[in-house]
Amino acid sequence: GSAYFDGSGDYISVPDSAGFNFSTDDFTIDFWMRPDVPAANSRIFTFGRDNGTGSIQIKQSSATTIVVEQVADVGAEVISTAATITAGAWNHIALVQHGVAYTLYVNGVAGVSFNNDEPMSSQTDGFVIGARRNSSGGIDSYWKGWIDEFRVSRSVARWAANFTPPSSAYAYGGDFVADCSAPAGVPPTLPPIYCELVSSSYAILQGNTVTPSWAAA
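In this text, all values refer to a predicted model and were calculated from it rather than measured experimentally. Along each chain, numbering runs from 1 in the same order as the chain's sequence is written. This being a predicted model, a pLDDT of at least 70 is required before a residue's local features are given, and a value of 80 or more before pairs of side-chain atoms are given or counted; all residues contribute to the totals for chains, interfaces and linings. Each side-chain value is worked out from all heavy atoms of the structure, with water and hydrogens disregarded.

Caption draft 1: The arrangement of the pairing of strand 10 (residues 109-115) in detail. Strands are labelled as partners when DSSP assigns at least two bridges between them. Here a helix means four or more residues in a row that DSSP labels H or I, a strand means two or more in a row labelled E, and each is numbered from the N terminus. Relative to strand 10, strand 9 (residues 101-106) is paired through five bridges, and the arrangement is antiparallel. Counterpart to Ala101 in the pairing with strand 10 is Asn115. The hairpin formed by strand 9 and strand 10 contains two residues between the paired strands, and Asn107 there has a positive phi angle of roughly 50°.

What follows is the structure, encoded as structure tokens:
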């Protein structure tokens, strides 16, 4: 199964962890998304507050465009690049840092790369999936659509050239160690989700038949 976000209050937050302090390490954030006519500039995910140095986010700016943004200096310089997606269909998205460059892949095809001017450091607010954590720490800019197989891989640049997106669920294992939180009342509208940290390297959000514990954000 996949997680459906209704665009009016659904989101999942994953608290910060030392494992997310990527610094200058290679890393990969990849996932499947299927937009359901989301509002312009709604956030698919954010890591940290949207004005925090080293924070990063991917937003959907139009029906067929996503934009990755990184804040290189608090409230000042924002580095960004855009890519084209297919509206109403499943799209595989991968953001890869290899060396000093970010590359955004859509369905296995590389877009424009840009330099990482500010290391993706540990953010006290962690990840928010399906919305934005704004500069005041609140949640807004809710995205509408489905997300599945959200994976964060540290010290791994999984792709350095065009590739064929994976066609099956990611393998994972180990103990459930990351707390997932969502607004009260979310369990009836979202399918079961796992947020899992595997071998201190991977965090995976995916549909699962085991119901995790949910808490009010």
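Caption draft 2: Inspection of the packing of aromatic side chains at higher detail. Aromatic rings from Phe, Tyr and Trp, with only the six-membered ring used for Trp, were paired whenever their centres fell within 6.5 Å, and each pair was classed as stacked if the ring planes differed by under 30 degrees, edge-to-face if by over 60, and tilted otherwise. Tallied over the entire structure, the rule returns 11 aromatic pairs. Seen from their ring centres, Phe31 and Phe45 are 6.1 Å apart, and the 85° between their planes marks the pair as edge-to-face. Residue Phe31 is found in strand 3 (residues 27-35), and its partner Phe45 is found in strand 4 (residues 42-47); the two are separated by 14 residues along the sequence. Exposure classes here rest on a 1.4 Å probe applied to the protein chains alone. A residue is buried below 20% of its type maximum, exposed above 50%, and partly exposed in between. Of the residues examined, Phe31 reaches a relative accessible area of 0% and is grouped as buried. Among the residues examined, Phe45 registers a relative accessible area of 0% and is labelled buried. For the pair Phe45 and Phe127, a centre-to-centre distance of 5.9 Å together with 40° between the ring planes defines the contact as tilted. Pair noted here: Phe45 is in strand 4 and Phe127 is in strand 11 (residues 127-129), with a separation of 82 residues, a long-range link. Here the aromatic residues Phe31, Phe45, Phe47, Phe127 and Phe150 are joined through ring pairs into a cluster of three or more. By definition, being over a ring means that NZ of Lys or CZ of Arg is both within 6 Å of the ring centre and within 35 degrees of the ring normal. Across from the ring centre of Trp146, 4.7 Å away, lies the NZ or CZ of Arg34, which sits over that ring.

Coordinates in, geometry out; function isn't part of it.
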